[in-house]
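Chain residues, written in single-letter form:
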Amino acid sequence: MNHPDLFLVSIVRTLVEVALLSLLGQGAVGLLAGARRASNPIYRLFQVVTRPVIRLTRWLAPTAILDRHLPVLAFFLVFWLWILLAYAKRVLCQWNGLAAC
C-alpha cells in the first residue's frame, strides 16, 4: 500500500469497529443474562475488551454521569468516532485519486 495515511486511518477504524461491536455485544448479553450477567463468561470477556473504552469515557465524561450509564455513552462516542473516521477515509481516498476504497 503506497498511502500510509490511508492505511493508518483504516487500522484505527478497524479497532474502533471492534470496540463498537464489543460494546453492542456486551449490551446484548447483559440484557439476555439479566442479574446474573456478572457470572457469565461471555459478558466478562466483553468487559475485558471494552474496559479501555469505558475508562477513556469515564475520563472524558463529567462526574455527574453515573458509572452505569458509561457503556451507553461510550457506545455513542465510539459510533461518532467511527463515522468521523469513515469520512476521513473517504476524503483521503479522494485526495489520493483512488476510486474504490
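Residues numbered from 1 in each chain as written. Predicted model: local features only at pLDDT ≥ 70, side-chain atom pairs only at ≥ 80, totals over all residues. Heavy atoms only, no water.

- An unreviewed UniProt entry lists the protein chain under the name YggT family protein, with Accumulibacter regalis given as the organism.

Things to note about the environment of histidine 3
Turning to step 1, where the next piece is worked out: Mapping histidine 3 onto the fold places it in the segment before helix H1 (4-33).
Turning to step 2, where the next piece is worked out: Along the primary structure histidine 3 and tyrosine 87 are separated by 84 residues, whereas in three dimensions their C-alpha atoms are 16 Å apart.
Turning to step 3, where the next piece is worked out: The residues contacting histidine 3, other than those within four sequence positions of it, are Asn96 and Leu98. (Helix = DSSP H or I, 4+ residues; strand = E, 2+ residues; numbered from the N terminus. Contact = heavy atoms within 4.5 Å.)

Side note on helix H2 (residues 41-60)
Turning to step 1, where the next piece is worked out: The first and last C-alpha atoms of H2 sit 29 Å apart over 20 residues, in line with the 28 Å expected at 1.5 Å per residue.
Turning to step 2, where the next piece is worked out: Taking the largest bend as the criterion, H2 deviates by roughly 55°, centred on threonine 50, and proline proline 52 comes between one and four positions later.
Turning to step 3, where the next piece is worked out: Of the residues making up H2, those classed as buried are Tyr43, Thr50, Val53 and Thr57.
Turning to step 4, where the next piece is worked out: Buried residues along H2 sit in contact with H1 and helix H3 (70-95).
Turning to step 5, where the next piece is worked out: Its side-chain oxygen at 2.9 Å from the backbone nitrogen of isoleucine 42, asparagine 40 defines the N-terminal cap of H2. (Expected span 1.5 Å × (residues − 1). Bend = angle between axes of the 7 residues up to and from the residue. Buried < 20%, exposed > 50% of the residue type's maximum accessible area, 1.4 Å probe, protein only. Polar contact = N/O pair within 3.5 Å; in protein donor to acceptor, adjacent residues only side chain to side chain.)

As for the UniProt feature "transmembrane region" (unreviewed entry) in the protein chain
Turning to step 1, where the next piece is worked out: Feature annotation in UniProt places "transmembrane region" (unreviewed entry) on residues 6-34 and 70-88, given in this structure's numbering.
Turning to step 2, where the next piece is worked out: Helix makes up 97% of residues 6-34 and strand 0%, and the two end C-alpha atoms of the span are 42 Å apart.
Turning to step 3, where the next piece is worked out: In the segment residues 70-88, helix accounts for 100% and strand for 0%; the C-alpha atoms at its two ends are 26 Å apart. (UniProt positions renumbered as here; feature names shortened; annotations may be inferred.)

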